[in-house]
Amino acid sequence: MSDLLVSPEWLNERLRDPKVKVVDASWYLPAQKRDAKAEFLAGHIPGAVFFDIDAIADHATDLPHMLPDAAGFSKAAGALGLADTDTIVVYDGMGLFSAPRVWWTLKVFGARDVSILDGGLPAWDRAGYPKVGGEATPRPARFNATLAAAKVRDFESVGAALQRGETVVDARSAPRFRGELPEPRPGLPSGHMPGALNLHYDTLSEGGRLVAPEKIRALFEAAKVDLASPVITTCGSGITAAVLLFALARIGKEDVTLYDGSWADWGSRPGAPIAKGPA
């Protein structure tokens, strides 16, 4: 298996390798006022395909971008030209924001060799490598998806874990976690799960690049996370929770699961306990 992070130089040298597939995983919050697909059409890494996080999802729920079932993912990934046996490199337009979510999604459905482009598209641009515009035209492939269900958490299992005192880490900003700011999702209450800890995903990157392993460890320890125990990551809707999970994977921690519905699920549940203030 390749490293979790690959450099722009590494990727540029392998763009013509038919077994190396490149995935643009860009996704933005409405407040960021950016159109991921339009930016892809304007310019992307040669050979990249656009992974639409909101489209490749479970549309039977009102919750945003929940994982689809294995059959649905197999069809979508195959249409993008991705096989579970490929070497897949994922990037996003901010550097390290939504790419970990797609990295995790591919992994949880059985992709064997998935990395993230260190620094994302901004790093590619800084290196002076070319981009191309227009729609992708991938050759269809076969992705044999099997969901690793034990890696995905739902409302009931997270609630039970909190009751047992297990570690849940919320990637939202401190003001949102403390309930001092309204949630971006209309009608969703503010606050956090009682017993959860808080580590803003943004502290784990500098200039769009994941910080060094020793800093990752220090940040989690400062947030009172016991790195010797299993960890559940969460956020607003399951996107930046994957940044925490990816950072933990970078320091070799594998007993980490992700709450797919995150606060969009928890906060919308009638009677679900909500805490405000610091952890």
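Remember, it's a predicted structure, so these values are computed and weren't measured experimentally.

Q: Can you break down the packing of aromatic side chains residue by residue, with the values?
A: This structure, assessed with the given rule, holds nine aromatic pairs. Ring geometry for Phe40 versus Phe50: centroids 5.6 Å apart, planes at 45°, classification tilted. Here the residue Phe40 occupies a position in helix H2 (residues 36-42), and Phe50 occupies one in strand E3 (residues 49-50), the gap between them amounting to ten residues. Neither residue differs from the other here; Phe40 and Phe50 are each classed as buried.

Q: Requested: an account of the sheet that holds strand E11 (residues 231-234), with residues and values cited.
A: Across a sheet, paired strands are connected by hydrogen bonds in the backbone, their directions being either parallel or antiparallel. Read from one edge to the other, the open sheet built from five strands follows the order E6-E12-E11-E7-E8, with strand pairing classed as parallel. Two strands lie at the open edges of the sheet, namely strand E6 (152-153) and strand E8 (197-198), each paired on one side alone. In this structure, strand E7 (residues 167-170) lies alongside E11, joined through four bridges in parallel fashion. Residue pairing for E11: Thr167 is matched across the bridge by Val231.

Q: Could you give me a rundown of the environment of Tyr129, with the residues and numbers involved?
A: As for its placement among the helices and strands, Tyr129 is situated in the loop between helix H5 (120-126) and E6. For Tyr129 and Pro8, which are 121 residues apart along the polypeptide, the C-alpha to C-alpha distance reads 8.2 Å. Aside from chain neighbours lying at most four places away, what touches Tyr129 is Pro8, Glu9, Asn12 and Trp124.

Q: Account for helix H4 (residues 99-108), with residues named and values stated.
A: Helical geometry note: an α-helix holds 3.6 residues per turn, so side chains three or four residues apart project in the same direction. The buried count for H4 comes to nine of ten residues, which makes it a mostly enclosed element. Within the span of H4, buried status applies to Ala99, Pro100, Arg101, Val102, Trp103, Trp104, Thr105, Leu106 and Val108. Among the residues trailing H4, Gly110 stands out with phi positive, at a value near 105°.

Q: Account for the packing of H4 against helix H9 (residues 241-250), with residues named and values stated.
A: Between H4 and H9, whose axes approach to 8 Å, the crossing angle comes to 70°. One finds that H4 runs roughly perpendicular with respect to H9. Residues Pro100, Arg101, Trp103 and Trp104 of H4 pack against Ala242, Val243, Leu245, Phe246 and Ala249 of H9. Residues that form the contact of H4 with H9 fall into these classes: eight nonpolar, no polar and one charged.

Q: Residues and numbers for the pattern of salt bridges, please.
A: Considering all chains together, one arrives at 18 salt bridges under this definition. Where Arg269 meets Glu156, a salt bridge forms, and the shortest distance between an N and an O atom there is 3.8 Å. Highlighted residues: Arg269 in the segment after helix H10 (262-266) and Glu156 in helix H6 (residues 155-163), separated in sequence by 113 residues. Residue Glu180 is joined to Arg178 by a salt bridge in which the shortest nitrogen-to-oxygen separation is 2.8 Å. Connected through shared salt-bridge partners, Asp170, Arg172, Arg176 and Glu183 make up one network.

Conventions used here
- Residues numbered from 1 in each chain as written.
- Predicted model: local features only at pLDDT ≥ 70, side-chain atom pairs only at ≥ 80, totals over all residues.
- Heavy atoms only, no water.
- Phe/Tyr/Trp six-rings, centres within 6.5 Å; stacked < 30°, edge-to-face > 60°.
- Helix = DSSP H or I, 4+ residues; strand = E, 2+ residues; numbered from the N terminus.
- Buried < 20%, exposed > 50% of the residue type's maximum accessible area, 1.4 Å probe, protein only.
- Pairing = 2+ DSSP bridges.
- Contact = heavy atoms within 4.5 Å.
- Axes fitted to C-alpha atoms, helices over the stretch in contact; angles between N-to-C directions.
- Parallel < 35°, antiparallel > 145°, perpendicular 65-115°, else oblique.
- Nonpolar A, V, L, I, M, F, W, Y, C, P; charged D, E, K, R; others polar.
- Salt bridge = Lys/Arg side-chain N within 4 Å of Asp/Glu carboxyl O.

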